[in-house]
Amino acid sequence: MESVLIVSNTSTTMDIISELLISQVFTRIVTAGSGGEARRALLEGDFDLVIIDAPLPDEMGDDFALHASDSSSGGVILIVESDRVAEISSVVEDSGVFTVPKSVSPDVFFNIVSLMRATKNRVRRLEDENRRLLSKIEELKLVDRAKCTLIQVLKMTEQQAHRYIEKQSMDLRQPRTSVAETILRTYEK
């Protein structure tokens, strides 16, 4: 994790959280004193972690937590009064917001941040894998479209069309997608 947004209406809370996070791998710590200020900070850039100390001067904090969860790919921690944890957690947990009581110890808070970092890393790997698979699907669609074109226009069998694309790819030292695009440009009208 590199960047964190801390939202609190008290500078002491911001300082305490900042001190706890300095020992982590955060290279950028941004603070905001209200929900409106925090929303502007989210518009300016994405954060790996958003920590909200509720209530905020202009709102409770749960609405901003939901907004941060929807508009940011980072983890969101909402710190609330101990007697409201269950109530607020039931509202925000489906959006991936982690709710903790204000009475949380530094060690537990450190563990929660570590858990959020681990979760963020796992999600990032899954997103990368998803992008890779989507790219592969698009490649397969393009090559299959080129095969169908060869079958229809040149009356090749599926095996012949496949072999033709593979051979052209090797002979021309081009990816199969480039060969498929050339086929489609040549024969599709």
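Source: prediction; values computed, not measured.

### Re the pattern of salt bridges
At step 1: A full pass over the atoms with the stated rule returns 14 salt bridges.
At step 2: A salt bridge links Glu87 to Arg84; the shortest N-O distance between them is 2.8 Å.
At step 3: Accessibility expressed as a relative area gives 44% for Glu87, which makes it partly exposed.
At step 4: Residue Arg84 is classed as partly exposed on the basis of its relative accessible area, which comes to 28%.
At step 5: For the salt bridge of Arg131 with Asp128, the shortest nitrogen-to-oxygen distance reads 2.4 Å. In this pair, Arg131 and Asp128 both sit in helix α5 (residues 106–154), three residues apart, roughly one turn of the helix.
At step 6: Look at the salt bridges and you will find they share partners, linking Lys136, Glu139, Glu166 and Arg176 into a network.

### Overview of unusual backbone geometry
At step 1: Here Ala54 and Pro55 are connected by a cis peptide whose omega angle stands at 0 degrees.
At step 2: Along the chain, the position of Pro55 falls in the loop between β3 (49–53) and α3 (62–71).
At step 3: Backbone geometry at Arg173 places phi at a positive 55 degrees, although glycine is not the residue there.
At step 4: Given a relative accessible area of 78%, Arg173 falls into the exposed group.

### As for the packing of helix α6 (residues 158–172) against helix α7 (residues 176–187)
If you want to describe how two helices pack, look at the angle between their axes and the distance between the axes.
At step 1: In the contact formed by α6 and α7, the axes pass within 8 Å of each other and the chain directions differ by 115 degrees. Relative to α7, α6 is oriented so that their crossing is right-handed. Between α6 and α7, the contacting residues are His162, Tyr164, Ile165, Glu166, Gln168 and Ser169 on the first element and Arg176, Val179 and Ile183 on the second.
At step 2: Here the residues of the contact of α6 with α7 sort into four nonpolar, three polar and two charged.

### Brief notes about α5
At step 1: Taking 1.5 Å as the rise per residue, α5 with 49 residues should run 72 Å; its terminal C-alpha atoms sit 71 Å apart, in good agreement.
At step 2: Once α5 finishes, Lys155 follows within two positions and takes phi at roughly 60 degrees, a positive value.

### A closer look at the confidence of the model for the chain
At step 1: Averaged over all residues, the pLDDT of the chain is 90; the fraction at 70 or higher stands at 99%.
At step 2: Put simply, helix α1 (residues 11–22) is where the chain has its lowest mean pLDDT, 80, and α6 is where it has its highest, 96.

### So, the layout of surface pockets
At step 1: As a volume, the largest pocket reaches approximately 200 Å³.
At step 2: For the largest pocket, the full set of lining residues is Thr13, Ile16, Ile17, Leu20, Asp53, Ile79, Pro101, Lys102, Val104, Ser105, Pro106 and Phe109.
At step 3: Put simply, the parts of the chain that give the lining of the largest pocket at least two residues each are α1 and α5.
At step 4: Residue classes in the lining of the largest pocket are distributed as eight nonpolar, two polar and two charged.

### Description of a nonpolar patch on the surface
At step 1: On the surface, Val153, Leu154 and Tyr187 cluster together to form a nonpolar patch covering roughly 230 Å² of accessible area.
At step 2: Note that Val153 resides in helix α5.

### Overview of the sheet that holds strand β1 (residues 3–7)
At step 1: Read across the sheet, five strands follow the order β2-β1-β3-β4-β5 without closing on themselves; strand pairing throughout is parallel. Looking along the sheet, the strands with just one partner apiece sit at the ends: β2 (28–32) and β5 (97–101). Across the sheet, the axes of successive neighbouring strands diverge by a mean angle of 20 degrees, strand direction being ignored.
At step 2: As paired strands, strand β4 (residues 75–80) and β5 are joined by five bridges and run parallel to one another. Across the sheet, the residue bridging to Val80 is Pro101, located in β5.
At step 3: Contacting β1, β2 and β3, helix α2 (residues 35–44) crosses the sheet at an angle of about 165 degrees to β1.
At step 4: Running at roughly 155 degrees to β4, α5 makes contact with β3, β4 and β5 of the sheet.

Calculation criteria
- Residues numbered from 1 in each chain as written.
- Predicted model: local features only at pLDDT ≥ 70, side-chain atom pairs only at ≥ 80, totals over all residues.
- Heavy atoms only, no water.
- Salt bridge = Lys/Arg side-chain N within 4 Å of Asp/Glu carboxyl O.
- Buried < 20%, exposed > 50% of the residue type's maximum accessible area, 1.4 Å probe, protein only.
- Helix = DSSP H or I, 4+ residues; strand = E, 2+ residues; numbered from the N terminus.
- Axes fitted to C-alpha atoms, helices over the stretch in contact; angles between N-to-C directions.
- Left-handed = near helix turned anticlockwise from the far one by under 90°.
- Contact = heavy atoms within 4.5 Å.
- Nonpolar A, V, L, I, M, F, W, Y, C, P; charged D, E, K, R; others polar.
- Expected span 1.5 Å × (residues − 1).
- pLDDT = per-residue confidence, 0-100.
- 1 Å grid on protein atoms, 1.4 Å probe; cavity = no way out; pocket = protein on both sides within 12 Å on 5 of 7 lines; lining within 4 Å.
- Points joined across faces, edges and corners; volume = space filled by probe spheres on them.
- Patch = residues over 30% accessible without salt bridge, like charges linked within 9 Å, V, L, I, M, F, W, Y side chains within 5 Å.
- Areas by Shrake-Rupley, 256 points an atom, 1.4 Å probe, with all protein chains shown as cover.
- Pairing = 2+ DSSP bridges.

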